[in-house]
Number of protein chains: 2
Amino acid sequence: MDLGKRKQMILQAIVEDYIATAEPVGSRNIAKNHDLGLSAATIRNEMADLEEMGYLDKPHTSAGRVPSQLGYRFYVDSLMHRYSATVEEIENLNSALHQRYVNLNSVVSVVSDIISKITKCPTVMTLPAVASAKVVNVKMLMIEENLALIVVVLDGGSVRNKKVKVSGKITYREIDAISDFLNSQLAGLGAKDIDESRIMLIYGAMGQYKDFLKVVLDFVLECLQNNITEVYVGGASNILNHPEFCDIDRARDFLRFIDNRENANKVLALTTGGDSDVKIIIGDEAGLEEMRDTSIVLANYHAGGILSGKIGVIGPTRMDYARIVSSLETINAQLETILTAVFYNEE
Amino acid sequence: MDLGKRKQMILQAIVEDYIATAEPVGSRNIAKNHDLGLSAATIRNEMADLEEMGYLDKPHTSAGRVPSQLGYRFYVDSLMHRYSATVEEIENLNSALHQRYVNLNSVVSVVSDIISKITKCPTVMTLPAVASAKVVNVKMLMIEENLALIVVVLDGGSVRNKKVKVSGKITYREIDAISDFLNSQLAGLGAKDIDESRIMLIYGAMGQYKDFLKVVLDFVLECLQNNITEVYVGGASNILNHPEFCDIDRARDFLRFIDNRENANKVLALTTGGDSDVKIIIGDEAGLEEMRDTSIVLANYHAGGILSGKIGVIGPTRMDYARIVSSLETINAQLETILTAVFYNEE
DNA sequence: GTTAGCACTCACCTTGCCTGAGTGCTAACG
DNA sequence: CGTTAGCACTCAGGCAAGGTGAGTGCTAAC
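The residue count restarts for each chain, going from 1 along the sequence in the order it is written. Here the convention is simple: chains get letters from A, ligands get numbers from 1, in the order in which they are written. Restriction of local features to residues with pLDDT of at least 70 applies here, the model being predicted, together with a cutoff of 80 or more for giving and counting side-chain atom pairs; totals for whole chains, interfaces and linings are based on all residues. Side-chain metrics in this entry use all non-hydrogen atoms of the structure; hydrogen atoms and water are not considered.

Visitor: Can you break down the interface of chain A and chain B residue by residue, with the values?
Guide: If you look at the interface, chain A gives 40 residues, while chain B gives 40 residues. Within this document, salt bridges are pairs made up of a side-chain nitrogen of Lys or Arg and a carboxyl oxygen of Asp or Glu, the two lying within 4 Å of each other. One can count 0 salt bridges joining chain A with chain B. The secondary structure listing takes helices from DSSP runs of H or I that are at least 4 residues long and strands from runs of E that are at least 2 residues long, numbered from the N terminus. Listed by contribution, the elements that provide at least two residues to the side of chain A that touches chain B are strand 5 (135-144), strand 6 (147-154), strand 7 (159-165), helix 9 (210-225) and helix 10 (248-259) of chain A. A breakdown of the residues in the side of chain A that touches chain B according to their chemical character gives 19 nonpolar, 10 polar and 11 charged. Only heavy atoms matter for contacts: two residues are in contact if any of them lie within 4.5 Å across the pair. When residues are grouped by polarity, Ala, Val, Leu, Ile, Met, Phe, Trp, Tyr, Cys and Pro land in nonpolar, Asp, Glu, Lys and Arg in charged, and all others, Gly among them, in polar.

Written out as structure tokens, the structure reads:
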């Protein structure tokens with residue numbers, strides 16, 4: 001079921017007009033606004049075909065046509081021409097991005113807010129995760145009697161800490177000794193390297209602290225497996241900019257959905273693998289009931305070969321795919337610089 | 001300009017009916033539903049008085065009356081009787097609160113979501129801040145060549161860290177020595193104690209590391225002055241539950257406002273002093289243009305004499321003050337236990 | 001194959017009418 | 001003299017009828 005050249009041109013015209021106006025588009029308008037060299041009547045015939053083939057929908061008899069999900073899919077895959085950001089757009093973006101970031105957390109919140117502002121759509125973004133983390137340094141210190149602090153420095157530099165109650169008395173001296181020993185044993189290792197035999201070796205050498213060491217080792221492993229992907233939702237209220245969400249119930253359903261971290265994570269989990277390409281998910285392709293009428297533009301971001309994360313822009317299926325893809329690509333390019341800079345100077 | 005007993009009863013009836021129904025309330029209904037022993041006509045006369053005195057508004061000639069801001073204020077100050085949560089409500093709340101919290105951050109996000117759910121209103125909440133922080137422990141460690149990690153443990157146990165580039169070569173030995181010295185100098189001190197003379201003393205003893213020490217001291221001071229009040233907004237979409245926000249533009253204005261951290265902070269900054277009482281701010285009493293039609297119920301929370309923070313519930317001026325105040329009080333009572341537990345076992 | 005023409009459809013807007021809830025005023029009542 | 005019943009008046013909101021215009025599908029001519 002191949003689409004002829006002419007049908008493609010007409011489909012493209014319809015999708016683009018509809019994206020621009022949010023109104024069902026009629027044959028007459030296409031004939032007028034696009035220089036296809038065809039009369040309205042001809043276009044009408046083609047539109048009837050396109051509808052039959054499933055690329056278009058009709059809201060009702062006497063309205064124009066609207067792209068169906070299949071129509072958007074074909075447009076995105078075959079018809080959409082890439083939009084290149086203008087010099088001015090890039091400069092605006094850069095000056096918005098150029099500010100003092102306190103930490104990775106703030107990069108994520110600032111960047112996702114910026115993306116929201118540019119795209120006029122809600123944005124979800126994960127905190128950058130450290131890929132295949134390794135232990136750089138483990139340190140313990142007593143901060144009160146019976147209370148120790150474990151500090152774990154990971155490959156790439158993220159630092160995590162945890163307080164641990166110490167039941168038996170452990171002196172400041174002892175904790176230093178344990179700390180140094182553990183560090184010598186664990187430095188450079190990833191989650192996989194800390195296996196049964198390694199743990200046994202540690203217990204063997206410092207059996208009298210076994211209970212305490214177990215807590216520490218568990219925490220180190222937790223840090224390494226670090227799959228706490230915290231997600232930030234920026235500019236959720238932007239969804240209300242779009243006429244398809246002028247119905248208060250629909251708006252509430254969406255906002256309630258996306259305000260929930262778990263759901264935001266589900267949305268971002270739709271990316272395939274670690275490719276840096278931008279992926280577009282239209283309507284129920286997401287398999288999420290609440291996202292039936294929305295599309296998602298997803299991208300992976302990377303920095304320094306160590307950090308990586310995901311960004312997603314959510315809008316109505318009628319969203320301006322070309323422009324949003326371009327925005328995401330432009331941001332992505334900047335993000336690497338910002339992240340590495342912030343990362344190595346993180347608080 | 002004193003309100004007679006009868007006028008007060010009628011005002012109270014109007015406010016409560018209006019809170020319950022969201023419809024302007026008429027004289028007839030009050031006569032019917034409240035056993036005031038007065039006829040509709042009498043009530044009508046009193047209502048006319050109340051309107052003249054500024055306690056009531058009239059949306060239009062043939063609608064009922066609606067409390068004015070002054071009316072709500074009088075109700076809240078003098079007429080509202082405290083609502084006591086039922087045993088069932090308290091149990092439900094407790095079981096919702098009873099879960100595993102990873103850290104203070106997650107307490108805040110979970111608790112504010114719960115409050116939102118109970119009150120059906122957006123909730124803003126600050127992370128608990130450490131009051132009058134003191135240094136418990138300062139520790140530095142080299143995590144790479146030329147890269148040191150400073151760990152500062154504060155009074156009460158919050159831990160912060162920062163990576164610092166080290167220009168000159170400093171050995172692991174040296175860093176230990178500096179670390180121990182600095183710790184001996186700073187342990188137990190608050191921001192005010194770290195004055196010029198103290199700093200000079202430190203520089204004097206370890207002059208060769210002055211540049212490095214300056215960075216460390218600055219960071220320690222920053223931790224102590226720690227006025228980064230991070231704020232969490234929970235259940236913003238709940239605002240759409242209220243009929244006064246069924247207008248999409250008003251809803252968007254509000255959501256856009258509250259999505260912005262700065263604004264959420266402004267709202268929470270409306271509390272007076274450190275009292276633990278609940279405060280109610282009605283309409284433009286907040287002095288925030290965007291909050292003209294909303295009210296805020298604010299409370300301070302405390303834990304262990306060390307932590308403190310703020311919670312605010314935002315709703316239409318027609319919100320159920322009695323119930324929301326009660327909910328906040330009930331939560332507040334639980335919060336102390338949860339926070340101290342999580343705090344001393346924080347990750 | 002393409003196009004002009006025409007009848008038909010249907011959402012949406014406007015208008016007018018009606019209803020019901022509520023008010024304010026007045027006069028009667030205890 | 002305060003309270004109440006009665007009545008005329010107001011006004012938002014709902015509903016139906018009619019008009020408008022954008023758009024379609026079909027047919028016949030080019």
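Now that the structure is up, let's keep going.
Visitor: Outline the domain arrangement of chain A, listing residues and values.
Guide: Assigned domains of chain A: these are domain 1 (5-79), domain 2 (87-128 + 228-344) and domain 3 (135-225). Here the limits of each domain have been adopted from an automatic or database domain assignment. With centres defined by C-alpha atoms, the gap from domain 2 of chain A to domain 3 of chain A works out at 37 Å.

Visitor: So what's going on with unusual backbone geometry? Residues and values would help.
Guide: The phi dihedral of A:A22 falls on the positive side, at around 65 degrees, and the residue is not glycine. Of note in the backbone geometry, A:K120 takes a positive phi value of approximately 55 degrees without being a glycine.

Visitor: How would you explain the protein's contact with DNA strand D if you had to name every residue and give the values?
Guide: We call a residue near a molecule or strand when any one of its heavy atoms sits within 4 Å of it. As a matter of local geometry, DNA strand D sits amid 20 residues, with A:S27, B:R6, B:T42, B:T61 and B:S62 nearest to it. N or O atoms closer than or at 3.5 Å make up a polar contact, with two conditions inside protein: a donor-capable atom paired with an acceptor-capable one, and, for residues adjacent in sequence, both atoms drawn from side chains. Here a phosphate oxygen of DNA strand D sits 2.7 Å away from a polar atom, N or O, in the side chain of A:S27. A:A63 is positioned with one of its backbone polar atoms (N or O) 3.3 Å from a sugar or linking oxygen of DNA strand D. Top element by residues in the surface near DNA strand D is helix 3 (residues 40-53) of chain B. It accounts for 4 residues. Per-class residue counts for the surface near DNA strand D are 3 nonpolar, 12 polar and 5 charged.

Visitor: I'd like to hear about the relation of the copies chain A and chain B, residue by residue, with values.
Guide: Only residues with pLDDT of at least 70 in both copies count here: their C-alpha atoms drive the least-squares fit that superposes the copies. Mapping chain A onto chain B is achieved by rotating through 180 degrees and translating by 0.1 Å along the same axis, at an RMSD of 0.1 Å. Such a turn and shift between the copies fits a two-fold axis. For chain A, the smallest separation between a C-alpha atom and the rotation axis is recorded for A:I248, amounting to 3.4 Å. A shared interface surface links the copies, since 98% of the contact residues of chain A are contact residues in chain B too.

Visitor: Before we move on, could you go through helix 4 (residues 69-79) of chain A and cite the residues and values that matter?
Guide: Relative accessible area decides the class of each residue, using a 1.4 Å probe on protein chains only: under 20% of the type maximum gives buried, over 50% gives exposed, and in between gives partly exposed. Taken together, the buried positions of helix 4 of chain A are A:G71, A:Y72, A:R73, A:F74, A:Y75, A:V76 and A:L79. Buried residues belonging to helix 4 of chain A abut helix 1 (5-21), strand 2 (66-67), strand 9 (279-282) and helix 12 (321-343) of chain A.

Visitor: Run through the environment of B:N45, naming residues and quoting values.
Guide: Checked against the element boundaries, B:N45 lands in helix 3. On a C-alpha basis, the gap between B:N45 and B:S27 in space is 9.1 Å, while along the polypeptide they are 18 residues apart.

Visitor: I'd like a rundown of the sheet that holds strand 5 of chain A, residues and numbers included.
Guide: All names here are of chain A. The strand order across the open sheet formed by 3 strands is 5-6-7, and the pairing between neighbours is antiparallel. Looking at strand neighbours, the two that pair on one side only are strand 5 and strand 7, the edges of this open sheet. For this sheet, the mean inter-axis angle between neighbouring strands, taken without regard to orientation, is 20 degrees. As paired strands, strand 6 and strand 7 are joined by 7 bridges and run antiparallel to one another. Looking across to strand 7, one finds that V151 is bridged to N161. In this analysis, axes come from line fits to C-alpha atoms, helices being fitted only over the stretch in contact, and the angle between any two N-to-C directions falls in the range 0 to 180 degrees. Each of strand 5 and strand 6 is contacted by helix 7 (residues 172-186), which is oriented at about 170 degrees to strand 5, the strand it contacts most. Pairing between strands is defined by DSSP: at least two bridges between the two strands are required.

Visitor: Explain the protein's contact with DNA strand C to me, and be specific about the residues and the numbers.
Guide: Near DNA strand C there are 22 residues, and of these A:R6, A:T42, A:T61, A:S62 and B:S27 occur at the shortest range. Restricting the count to atoms of DNA strand C within 4 Å of the protein gives a sugar and phosphate share of 78%. Here a base oxygen of DNA strand C sits 3.2 Å away from a polar atom, N or O, in the side chain of A:R44. Between A:H60 and DNA strand C, the recorded distance is 3.5 Å, taken from a side-chain N or O atom to a sugar or linking oxygen. Going through the elements one at a time, helix 3 (40-52) of chain A together with helix 2 (27-33) and helix 3 of chain B are the ones with two or more residues in the surface near DNA strand C. At 4 residues, the largest contribution of residues to the surface near DNA strand C is made by helix 3 of chain A. Split into classes, the residues belonging to the surface near DNA strand C amount to 4 nonpolar, 13 polar and 5 charged.

Visitor: Go over helix 12 of chain A, please, and point to the residues and values.
Guide: Think of an α-helix as 3.6 residues a turn; residues three or four steps apart then line up on the same face. Here the expected span of a helix is defined as 1.5 Å times the quantity of residues minus one. The end-to-end C-alpha distance of helix 12 of chain A is 31 Å, a good match for the 33 Å that 23 residues give at a rise of 1.5 Å each. By the largest-angle criterion, A:L335 marks the main kink of helix 12 of chain A, which is about 30 degrees. A residue's bend is given by the angle between axes fitted to the 7 residues ending at it and the 7 residues starting at it.

Visitor: Can you lay out the sheet that holds strand 5 (residues 135-144) of chain B for me, pointing to particular residues and giving the numbers?
Guide: Residues and elements named next belong to chain B. As summarised here, the arrangement of the 3 strands in space is 5-6-7, forming an open sheet in which the pairing is antiparallel. Strands with a single pairing partner mark the edges of an open sheet, and in this sheet they are strand 5 and strand 7 (159-165). Each strand of the sheet is rotated relative to its neighbour by a mean of 20 degrees, with strand direction disregarded. The strands touched by helix 7 (residues 172-186) are strand 5 and strand 6 (147-154); relative to strand 5, the strand with the most contacts, the crossing angle is about 165 degrees. This element, helix 9 (residues 210-225), spans strand 5, strand 6 and strand 7 of the sheet and lies at about 30 degrees to strand 6.

Visitor: Please give an account of the confidence of the model for chain A that cites residues and values.
Guide: Model confidence for chain A is summarised by a mean pLDDT of 88, while 95% of its residues fall at 70 or above. Values of pLDDT, ranging from 0 to 100, describe the predictor's confidence in every residue of the model. Mean pLDDT values over the elements of chain A span from 76, in strand 4 (residues 129-130) of chain A, up to 96, in strand 2 of chain A.

Visitor: Pulling in residues and values, what's your account of the pattern of salt bridges?
Guide: Tallied over the full model, the rule gives 29 salt bridges over all chains. Its salt-bridge partner being A:D218, residue A:K214 comes within 3.0 Å of it at the nearest N-O pair. Taken together, the residues A:K214 and A:D218, both in helix 9 and 4 residues apart, mark about one turn of the helix. Since its relative accessible area comes to 43%, A:K214 is described here as partly exposed. By relative accessible area, A:D218 is classed as partly exposed at 38%. A salt bridge links B:E51 to B:R65; its shortest N-O distance comes to 2.8 Å. With a gap of 14 residues between them, B:E51 in helix 3 and B:R65 in the loop between strand 1 (56-57) and strand 2 (66-67) connect regions that are remote in the sequence. The exposure class of B:E51 is partly exposed, given its relative accessible area of 25%. The class for B:R65 is buried, based on a relative accessible area of 12%. The network of salt bridges with shared partners includes A:R6, A:K7, A:E46 and A:D49.

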